[in-house]
Protein chains: 2
Amino acid sequence: MMEDIAVKIERANQEAVRRILAGDPVWEDVRPAREAIPGMTENTILHAGPPIPWERMAGPVRGAVMAALIFEGRAESPDQAARLAAGGEIRFSPCHEHRSVGAMSGVISPSMPVFVVRNASFGNTAYCAWRDLAQASGCFDEPTIKNMRWLRDVGMPTLAAAVRRRGNLELKPLWARALTMGDELHNRVSAGTSIFARAMAPHLVRAVADSSAVAEVLEYLADFDLAIVPLTMAGCKSVMDAAHGIEASTVVTAIARNGVEVGIRVSGLGDRWFAGPAQPVKGTYHSGFTAADGCPDLGDSAIIETAGFGGCAIAAAPTHVTVADEPGAAGAYTREMYEITLARNPSYPIPTLGFQGIPTGIDIRKVVETGILPIVDTPVAHRDPGRVRGVIGFGMSRPPMECFLKALTAFGEKVLP
Amino acid sequence: MMEDIAVKIERANQEAVRRILAGDPVWEDVRPAREAIPGMTENTILHAGPPIPWERMAGPVRGAVMAALIFEGRAESPDQAARLAAGGEIRFSPCHEHRSVGAMSGVISPSMPVFVVRNASFGNTAYCAWRDLAQASGCFDEPTIKNMRWLRDVGMPTLAAAVRRRGNLELKPLWARALTMGDELHNRVSAGTSIFARAMAPHLVRAVADSSAVAEVLEYLADFDLAIVPLTMAGCKSVMDAAHGIEASTVVTAIARNGVEVGIRVSGLGDRWFAGPAQPVKGTYHSGFTAADGCPDLGDSAIIETAGFGGCAIAAAPTHVTVADEPGAAGAYTREMYEITLARNPSYPIPTLGFQGIPTGIDIRKVVETGILPIVDTPVAHRDPGRVRGVIGFGMSRPPMECFLKALTAFGEKVLP
C-alpha cells in the first residue's frame, strides 16, 4: 500500500517535471488587465502572495493599492484611496488566483496593461504588468502616477505594436542565453534586458510612427536594468501553471509573498495556499537604509525561483551584488538547491557549474527531509508606504519551513488511506 | 652595467603598464577615412598586418582590395580591380602605420567611414572601419559592394549622428561589463554588442529623422553579433599606441597578421616590425570547411589580445564556441597568459578566475623565456578570394616564436653596449 503511494508520487512528479522541462513560454501581446486577466472586474485589485485583507496588508502593498486607485481615477488623494480600499467595495485577490503574477506589491488594477505570455506547449496563458518600480514598492506620489499613466498610454501600447509586428518572442532561448551572460534572471538581468532591448529596437522603430514614443520606450529599456523581469515572471508563471494540478505530485508550483505571509502551492494540492510568516531579508541595503527598514519578504517574483531561476540559478551570476563579495557563495546556493529539486533542466545550463542544468522541480518532501529551504534572490521594499521611490536593497530570503510542513501534512491527509 | 640595463627595462615596462592601465578609450565620432586617417590619400589602401606587396598578399586580402577598388569607383570588375592593384598606382600600407586597425583583411580605402576613438588619458586617436564581414574576408560580389555602400551612405552616417547627439561613449565600462557577461571581446561579443545596441538605440531614434535608416541600423546591430568588434579594436589600438615608444620597454604594443606573415611591434623598438610566417588556425570550422580551406592567421584584430582581451581573457567566456566543449580550457588559456604578462588590469576583472584582472602587458622577454606564445581567439577566412561570404570558422592561433626572438635580438642590439 505504502509502496503503491510512493510509486504514484514518483509518477506524478515525473509528469510534473516533464511539463516544466517542456514549458515553452512565448510573449505574444500586451493588453489591458480588464480584458486579459480572468476574473478581473472594475472593482478588482490583485496583489502579490497569498490572500490577505486590507487591514492586514503590508505597508508597500497598501501604498501600491492607493496608487492604483488614484491611477484608476477612483480616488483623488491617498487618504481618499485608503478609505475606498477599506470600505469593502474593492475586492482584493491574489494575482496567482488569476493566472497572474505581480512584482513586489504585485498590485494590478483593471486599466494596467499586462504582458500576455502563452506556454506554447500546453496552451495556457499568464500575465504580469510592466511595473513602475516605485508604485510596486508602495509609492503613490505624483511622479509615480505619471509614470503609471505613461506605461498605460505610451510605453505598453508602443511595445504592443512592436511585438505584434514582430510576431511572438520566444523566451526560452532568451533565458538560456542570458544565463550564459551572468544573469540569474531575477535581480541580475542586465543581459536579459540588453538582449530584449536589442531584439525589439528595430521592430519598435518599424511599428510605431511616433518617434518620440519609440525613443521614450528605448530610453526606459536602456535606463531600467530590471525592465525584463515582469515578462520573465509571466513566462515562469505560464510554465509552472502547466505543471499544476497533477494528482499526487509534491512539486511546488508557486512561492509567493505578500510582505506578511509567504504562501506556497503544490501541484497535487489544488488551489490551497500553505502559508507561514514572511521573514526579514538578509541583504545589501542602499545607503541610508538597514534591514530594520525593510518590509519582510514580498512579491510574486519568487515564481522565478519556483521555475529554477533566480536564487536557484544564482551560480550563473557570480557578479551579482548579493553574492559578489563572498567567493563561492553563488555556486554554493545553487548546489544546495540541487538537494531539494527533482531534475536539472537541460535547456538552461549554468556555465560556472560545468554546464549542469538549473535545479528544477522543488519537492516539498525533499525540503522537509533535508531541512533546506528554497532560496529567493529578492529586492526589498521599505516597510512604510510612500516613503521611498523604489526598492531599498537586494538580498536572499527563504520561505518559512512552516509552509512545507503544512503542505506535507495536507498531502499526507490526502493520499494516505 | 647589466644591472643598470635591467633597472632601466624594469622602469620602462612599469611606465608602459601604467599607460595601458590608465588607457581611457572613448568613441567620439565617425568620419570618412580620407578625412580622419593620417597619411590616407586617394591612392592609399590600408591592409592588416605587417607590410606586404600586392604580389605576395593572401587571397582574402587581395579579394578585399578588389572589393574596395570597385566600391571606390576605381574599377568596374574584379579583373580590372586586380590589374589596377598590380599596376603600381595604388600605395599599400599597413593600417597600424596609420593609427588604424582593420578586421581580417583589414582593407580600408579613402571613402570608408571609420570609428574615431580617442584615448582620453593621453589624447591620441585610433581608427577602424565598421566592417562588412564578407568584404573583410575577401568577397567582392554585388551584395558585398551594396552593403559597403550602405555602411558608407546610411549605416555609418546614422551612427555618427547618434554618437554626436549622445556625446562620447566610454568604452572602459562597456568592456568591463561585457567581461562579466561571458564576453572575451574578440569573437564572443554578444554582450558587448547587446549593451552597445541598447545604449545607442534611443539616441539613434532621437538623432535621425529617417526612421527607415534608423531601423536598418538597429537591424544590423540586432542581427550581426560581431558588430561591436571594430569599435573595440579602435579602442584597444588607442590604448596600446599610448604605451608605444617608451625607450627600453619590452612590452608588445601590436600583434598583427596579413595572412602570410605575423608581425609584432614592441614599445621600445620604434616602428619596426618583427615578423614570422602566419600559422594555420586550429579551430571549429563551419559545415563544409576544414582547416585546409583556411587562410593562415589574418587580421589586426589581435590588437584585442595585445590589450589583454580576446584569447588572453578567454576565461571570461566559458561558453565561447572555441573552448565550450573542453572543460577548463578557457581558464587554462588565461592562466597561461599570466605567465607572459607584466600585470593584471584591475579595471577588467574576470569573474571565473576569482575576479583577477585580465593579463596585461605581454613581455617579449617572458615569451622567449617561458616558450609560451600569446593566444589569439580569431575568426578564419577562406584562403581564396571571393569564395565565401564571411568567415569559415573560429579558432585559436599563436604568432610564431620567430617574431619574439627577432624582437629580443633587436632589443639586445639596441640596449647592450
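Residues numbered from 1 in each chain as written. Chains lettered and ligands numbered in written order. Predicted model: local features only at pLDDT ≥ 70, side-chain atom pairs only at ≥ 80, totals over all residues. Heavy atoms only, no water.

1. With respect to the overall build of chain A
1) Next: The secondary structure content of chain A amounts to 14 helices and 15 strands.
2) Next: Against the globule reference of 22 Å for 417 residues, chain A gives a C-alpha radius of gyration of 20 Å, in line with a compact fold.
3) Next: Along the three orthogonal principal directions, the C-alpha set of chain A runs to about 65 × 45 × 45 Å.
4) Next: The buried share of chain A, reckoned over its 417 residues, is 64%.
5) Next: Long-range pairs, those at least 24 residues apart, make up 73% of the contacts in chain A between residues at least 6 apart in sequence. (Helix = DSSP H or I, 4+ residues; strand = E, 2+ residues; numbered from the N terminus. Rg over C-alpha atoms; globule rule 2.2 N^0.38 Å. Buried < 20%, exposed > 50% of the residue type's maximum accessible area, 1.4 Å probe, protein only. Contact = heavy atoms within 4.5 Å.)

2. Some words on the relation of the copies chain B and chain A
1) Next: Placing chain B over chain A gives an RMSD of 0.0 Å and needs a rotation angle of 180 degrees, together with 0.0 Å of translation along the axis. Classification of the inter-copy transformation places it as that of a two-fold axis. Minimal C-alpha separation from the rotation axis in chain B is found for Met-181 of chain B, amounting to 1.9 Å.
2) Next: The fraction of interface residues of chain B whose copies in chain A are also interface residues reaches 100%, indicating that both copies meet through the same surface. (Least-squares fit on C-alpha atoms with pLDDT ≥ 70 in both.)

3. Here's the deal with the pattern of salt bridges
All names here are of chain A.
1) Next: Summed over the entire model, instances satisfying the criterion amount to 40 salt bridges over all chains.
2) Next: Ionic pairing is found between Arg-74 and Glu-89, a salt bridge with its closest N-O pair at 3.1 Å. In this pair, Arg-74 is assigned in the loop between α3 (59-71) and α4 (78-86) and Glu-89 in the loop between α4 and β3 (91-94), connecting sequence segments 15 residues apart.
3) Next: In this structure Glu-89 comes out as partly exposed when scored by relative accessible area, which is 46%.
4) Next: Between Glu-247 and Lys-414 there is a salt bridge; the shortest N-O distance is 3.6 Å. Of this pair, Glu-247 sits in the loop between α10 (229-242) and β7 (252-258) while Lys-414 is found in helix α14 (residues 401-415), placing the two residues 167 residues apart along the sequence.
5) Next: Take Glu-247: its relative accessible area is 52%, and that puts it in the exposed class.
6) Next: On the basis of relative accessibility, which here comes to 36%, the residue Lys-414 falls in the partly exposed class. (Salt bridge = Lys/Arg side-chain N within 4 Å of Asp/Glu carboxyl O.)

4. As for the side chain of Ser-100 of chain A
All names here are of chain A.
1) Next: Take Ser-100: it is sitting in the loop between β3 and β4 (113-119).
2) Next: Engagement of the side chain of Ser-100 in a polar contact is seen with the backbone oxygen of His-98, the distance being 2.8 Å.
3) Next: Not counting the four nearest positions on each side in its chain, Ser-100 is found in contact with Ile-37, Leu-46, Cys-95, Ile-108, Tyr-127, Lys-237 and Asp-300. (Polar contact = N/O pair within 3.5 Å; in protein donor to acceptor, adjacent residues only side chain to side chain.)

5. Observations regarding the nonpolar core
1) Next: By size, the foremost hydrophobic cluster in this structure holds 224 residues, and its most contacted members are Trp-27 of chain A together with Trp-27 of chain B.
2) Next: What Trp-27 of chain A contacts, discounting residues up to four positions off in sequence, is Phe-115, Val-116, Val-117, Leu-159, Val-163, Asn-168, Leu-169, Leu-171, Phe-196, Met-200 and Leu-231 of chain A. (Core = buried A, V, L, I, M, F, W, Y, C linked by side-chain atoms within 4.5 Å.)

6. Observations concerning the sheet that holds strand β9 (residues 274-277) of chain B
1) Next: The strand order across the open sheet built from 4 strands is β9-β8-β7-β11 (chain B), with neighbouring strands paired in antiparallel fashion. Looking at which strands have only one partner, the edges of the open sheet turn out to be β9 and β11 (298-299) of chain B. (Pairing = 2+ DSSP bridges.)

7. Regarding the sheet that holds strand β15 (residues 393-397) of chain A
Residue and element names in this part refer to chain A.
1) Next: Pairing within the open sheet is antiparallel, and its 3 strands lie in the order β10-β15-β14. Taken across any chain shown, the strands that pair with only one partner, and hence form the sheet edges, are β10 (282-285) and β14 (376-380). In this sheet, adjacent strand axes meet at a mean angle of 25 degrees when their direction is disregarded.
2) Next: As judged from the 4 bridges shared by β10 and β15, these two strands associate in the antiparallel manner. For Gly-283, the partnering residue across the bridge sits in β15 and is Gly-395. (Axes fitted to C-alpha atoms, helices over the stretch in contact; angles between N-to-C directions.)

8. Quick word on the interface of chain B and chain A
1) Next: Taken together, the 33 residues of chain B in the interface contact 33 residues of chain A.
2) Next: Roughly 2500 Å² of surface becomes buried between chain B and chain A when both sides are summed, with 61% attributable to carbon and sulfur atoms.
3) Next: Interface area lost by chain B to chain A is led by Met-181, Arg-198 and Arg-206 of chain B, which between them contribute 27%.
4) Next: With a shortest N-O distance of 2.9 Å, Asp-225 of chain B and Arg-198 of chain A are connected by a salt bridge. (Buried area = accessible area lost by both parts, 1.4 Å probe.)

9. Section: the packing of aromatic side chains
Residue and element names in this part refer to chain A.
1) Next: Applying the stated rule across the entire model yields 20 aromatic pairs over all chains.
2) Next: Here the aromatic rings of Phe-309 and Tyr-348 are separated by 4.8 Å at their centres, their planes lie at 70 degrees, and the arrangement is edge-to-face. Placement of Phe-309 in the loop between α11 (303-306) and α12 (329-338) and of Tyr-348 in strand β12 (residues 341-350) is noted, with a sequence separation of 39 residues between them. Comparing Phe-309 with Tyr-348 shows no difference in burial state: the two are buried.
3) Next: Members of the aromatic cluster, joined through ring pairs, are Trp-27, Phe-115, Trp-130, Trp-150, Phe-196, Tyr-220 and Phe-224.
4) Next: Between the NZ or CZ atom of Arg-265 and the centre of the ring of Trp-273, over which it lies, the distance is 4.7 Å.
5) Next: Arg-344 extends its terminal NZ or CZ atom over the ring of Tyr-338, reaching a point 3.8 Å from the ring centre. (Phe/Tyr/Trp six-rings, centres within 6.5 Å; stacked < 30°, edge-to-face > 60°. Lys NZ or Arg CZ within 6 Å of the ring centre and 35° of its normal.)

10. Thoughts on the pairing of strand β7 (residues 252-258) of chain B
Residue and element names in this part refer to chain B.
1) Next: Of all 7 residues in β7, 7 are buried, a share of seventy percent or more.
2) Next: The turn joining β7 and strand β8 (residues 261-266), which pair antiparallel and follow one another in sequence, is formed by 2 residues; a positive phi near 90 degrees is taken by Gly-259.
3) Next: Both β7 and β11 contribute to a ladder of 2 bridges, which runs antiparallel. Counted as the bridge partner of Asn-258 is Leu-298 from β11.

11. Considering helix α8 (residues 190-207) of chain A
Residues and elements named next belong to chain A.
1) Next: The first and last C-alpha atoms of α8 sit 25 Å apart over 18 residues, in line with the 26 Å expected at 1.5 Å per residue.
2) Next: Taken as a whole, α8 carries its principal kink of about 35 degrees at Met-200; the proline Pro-202 stands between one and four residues after it.
3) Next: Buried residues dominate α8, accounting for 15 of its 18 residues. (Expected span 1.5 Å × (residues − 1). Bend = angle between axes of the 7 residues up to and from the residue.)

12. As for unusual backbone geometry
All names here are of chain A.
1) Next: Look at Arg-99: it is not a glycine, yet its phi comes out positive at around 55 degrees.
2) Next: Checked against the element boundaries, Arg-99 lands in the loop between β3 and β4.
3) Next: You can call Arg-99 partly exposed: its relative accessible area is 40%.

13. Points about the packing of α8 of chain A against helix α9 (residues 211-223) of chain B
1) Next: Following both chains from N to C, one finds α8 of chain A and α9 of chain B inclined at 160 degrees, their axes separated by 8 Å at the closest point. Relative to α9 of chain B, α8 of chain A is oriented roughly antiparallel. Viewed along their axes, α8 of chain A and α9 of chain B form a crossing whose handedness is left-handed. Contacts between α8 of chain A and α9 of chain B involve Arg-198, Ala-201, Pro-202, Val-205 and Arg-206 of chain A from the first element and Ser-211, Ser-212, Val-214, Ala-215, Glu-216, Leu-218, Glu-219, Leu-221 and Ala-222 of chain B from the second.
2) Next: Within the contact of α8 of chain A with α9 of chain B, the residues separate by chemical class into 8 nonpolar, 2 polar and 4 charged. (Parallel < 35°, antiparallel > 145°, perpendicular 65-115°, else oblique. Left-handed = near helix turned anticlockwise from the far one by under 90°. Nonpolar A, V, L, I, M, F, W, Y, C, P; charged D, E, K, R; others polar.)

14. Here we look at the environment of Ala-103 of chain B
Residues and elements named next belong to chain B.
1) Next: Positionally, Ala-103 belongs in the loop between β3 (91-94) and β4 (113-119).
2) Next: As for Ala-103 and Gly-386, which are separated by 283 residues in sequence, their C-alpha atoms are 17 Å apart.
3) Next: Among all residues touching Ala-103, those that are not within four sequence positions of it are Arg-131, Ala-136 and Met-233.

15. Notes on the state of the cysteines
1) Next: Summed over all chains, the structure comprises 0 disulfides over all chains.
2) Next: Of all cysteine sulfurs in the structure, the one in Cys-128 of chain A sits closest to Cys-236 of chain A, which takes part in no disulfide; the separation is 10 Å.
3) Next: Looking at Cys-403 of chain B, it has no disulfide partner, and the nearest cysteine sulfur is the one in Cys-312 of chain B, 15 Å off.
4) Next: By relative accessible area, Cys-403 of chain B is classed as buried at 0%. (Disulfide = S-S within 2.5 Å.)

16. Concerning the environment of His-244 of chain A
All names here are of chain A.
1) Next: As for its position among the elements, His-244 is in the loop between α10 and β7.
2) Next: Sequence separation between His-244 and Asp-271 is 27 residues, and the spatial gap between their C-alpha atoms is 9.2 Å.
3) Next: Ignoring anything within four residues of it in the chain, the contact list for His-244 reads Arg-19, Thr-253, Arg-265, Val-266, Ser-267, Gly-270 and Asp-271.
4) Next: A distance of 2.7 Å separates polar atoms of two side chains, one belonging to His-244 and the other to Thr-253.

17. Section: α10 of chain A
1) Next: End to end, α10 of chain A covers 20 Å across 14 residues, agreeing with the expected 20 Å (1.5 Å per residue, within 8%).
2) Next: Counting buried residues in α10 of chain A gives 13 out of 14 residues, a clear majority hidden from the surface.

18. A word on the environment of Ser-194 of chain B
1) Next: Examined against the element boundaries, Ser-194 of chain B turns out to sit in helix α8 (residues 190-207).
2) Next: Note on Ser-194 of chain B: relative accessible area 0%, which makes it buried.
3) Next: Sequence spacing of Ser-194 of chain B and Pro-399 of chain B is 205 residues, and the spatial spacing of their C-alpha atoms is 31 Å.
4) Next: When sequence neighbours within four positions are dropped, the list of residues in contact with Ser-194 of chain B reads Met-181, Ser-194, Ile-195 and Arg-198 of chain A.

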